[in-house]
Amino acid sequence: MSRPVPLSPRTVAALVLVSLIGAAAFSWPFFADPGSQVTAHAKDAPWLFAGLLVLLVGVVGATLSEAGLGAKAVAMLGVLAATGAALRPIGAGTAGIEPMFFLMVLSGRVLGPGFGFTLGAVTMFSSALLTGGVGPWMPFQMLAMGWFAMGAGLLPGAHRLRGRGELALLAAYGFVAAFAYGTVMNLYGWPFIDTLASDIAFDGAADPATNLVRFVAYCLATSLGWDLGRAVVTVVLTLTLGAPVLKALRRATRRAAFESAVTFTPPTR
């Protein structure tokens, strides 16, 4: 039976740390006091958070490598990341046609939350280099995609649920998580649009409840159709291609035997 790549306590602590700081980097508009220095220097925030998140993702990747990502797992990580990066430009993001998301769901499911987080971040980094999408938004995309794939690894029934039930679970998760990814990424750019340009822009002088209403309106007006397309594509690909892809991933995991210890047999005479 294939098993996810194991997580050490140190790895769990690193994942929790990077997730907490990442959550703060995304959600600061709802907690910054009106007129605070954070709000006053909002235009500088993307660069500050971008540099910080790149370092944090690097720390998590290094920690995961110590916790069980041996040569075979690193090779699989490279293959899956390259495949995901190649899938991303297929639809060029048009109307949410992004087939890489279904691969992240299935990979996180089979290989576990730690591997899924690393895969999501590395895949987004690779695809950014491939498509020329490098900018201050890239670390936010890496973190959001890491969460997306990690969530699939945290779904219940990893060792027992199989067949149609598992595909239905993964499709449902992919549908919800596709919207969650788009909503989280909206938080990156929303605070920096001109307040005077729209009534749905972030207002540094408003209270958190008012800004929350503005943010919901912003998501409905700008990204709902895009997120819906991403969710539908993820569901369709999961239900149609999920079974053979899951089988291939589990077979590769068994053959790689990530948890097998290296032993040496003395020569016989």
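Placed above this text is the structure.
This section reports on the structure supplied with the text. It should be emphasised that the depicted structure is a prediction, and the values quoted were computed from it without experimental measurement.

1. Examining the pattern of salt bridges
Note that side chains of opposite charge can pair when their charged atoms are close. Here the structure, examined in full by the defined rule, presents five salt bridges. The partner of Asp 227 in a salt bridge is Arg 230, with the nearest N and O atoms 2.8 Å apart. You can see Asp 227 and its partner Arg 230 sitting in helix α10 (residues 224–256), three residues apart, about one turn around the helix. Neither Asp 227 nor Arg 230 differs from the other in exposure class; each is buried. Via salt bridges that share partners, Arg 109, Arg 162, Glu 166 and Arg 250 belong to a single interconnected network.

2. Observations concerning the packing of aromatic side chains
With the rule as written, the count across this model stands at eight aromatic pairs. Plain terms: the ring middles of Phe 140 and Tyr 188 are 5.0 Å apart, the flat faces sit at 45° to each other, and that makes the pair tilted. Here Tyr 188 lies in helix α8 (residues 164–189) and Phe 140 lies in helix α7 (residues 138–153), a separation of 48 residues in the sequence. On the basis of relative accessible area, Phe 140 is assigned to the buried category, the value being 3%. Geometrically, the ring pair formed by Phe 148 and Tyr 173 is tilted, given 6.1 Å between the ring centres and 50° between the ring planes. Of this pair, Phe 148 sits in helix α7 while Tyr 173 sits in helix α8, placing them 25 residues apart in sequence. Residues Phe 148 and Tyr 173 agree in their burial class; the two are buried.

3. A short note on the nonpolar core
Looking at soluble globular proteins, one finds that nonpolar side chains tend to be buried together. Leu 80, Phe 115, Met 145, Phe 148 and Tyr 181 are the most contacted members of the largest nonpolar core, which has 54 residues in total. Only α1 (9–27), α4 (71–91), α5 (100–111), α6 (113–131), α7, α8, α9 (208–222) and α10 provide two or more residues apiece to this core. Residue contributions to this core peak at 10 residues, all from α7. Among all residues touching Met 145, those that are not within four sequence positions of it are Met 100, Phe 101, Met 104, Gly 120, Met 124 and Tyr 181.

4. Let's talk about the packing of α7 against α8
Here α7 crosses α8 at 160°, and the two axes come no closer than 10 Å. Taken as axis vectors, α7 and α8 run roughly antiparallel relative to one another. Relative to α8, α7 is oriented so that their crossing is right-handed. Counted together, Phe 140, Gln 141, Ala 144, Met 145, Trp 147, Phe 148, Gly 151 and Ala 152 of α7 and Tyr 173, Gly 174, Ala 177, Ala 178, Tyr 181, Val 184, Met 185 and Tyr 188 of α8 form the full contact between these two elements.

5. Some points on the side chain of Ser 107
Structurally, Ser 107 is set in helix α5. Excluding residues within four positions of it along the chain, Ser 107 makes contact with Leu 80, Gly 112, Leu 119 and Leu 249.

Each value, and the rule that gives it
- Residues numbered from 1 in each chain as written.
- Predicted model: local features only at pLDDT ≥ 70, side-chain atom pairs only at ≥ 80, totals over all residues.
- Heavy atoms only, no water.
- Salt bridge = Lys/Arg side-chain N within 4 Å of Asp/Glu carboxyl O.
- Helix = DSSP H or I, 4+ residues; strand = E, 2+ residues; numbered from the N terminus.
- Buried < 20%, exposed > 50% of the residue type's maximum accessible area, 1.4 Å probe, protein only.
- Phe/Tyr/Trp six-rings, centres within 6.5 Å; stacked < 30°, edge-to-face > 60°.
- Core = buried A, V, L, I, M, F, W, Y, C linked by side-chain atoms within 4.5 Å.
- Contact = heavy atoms within 4.5 Å.
- Axes fitted to C-alpha atoms, helices over the stretch in contact; angles between N-to-C directions.
- Parallel < 35°, antiparallel > 145°, perpendicular 65-115°, else oblique.
- Left-handed = near helix turned anticlockwise from the far one by under 90°.

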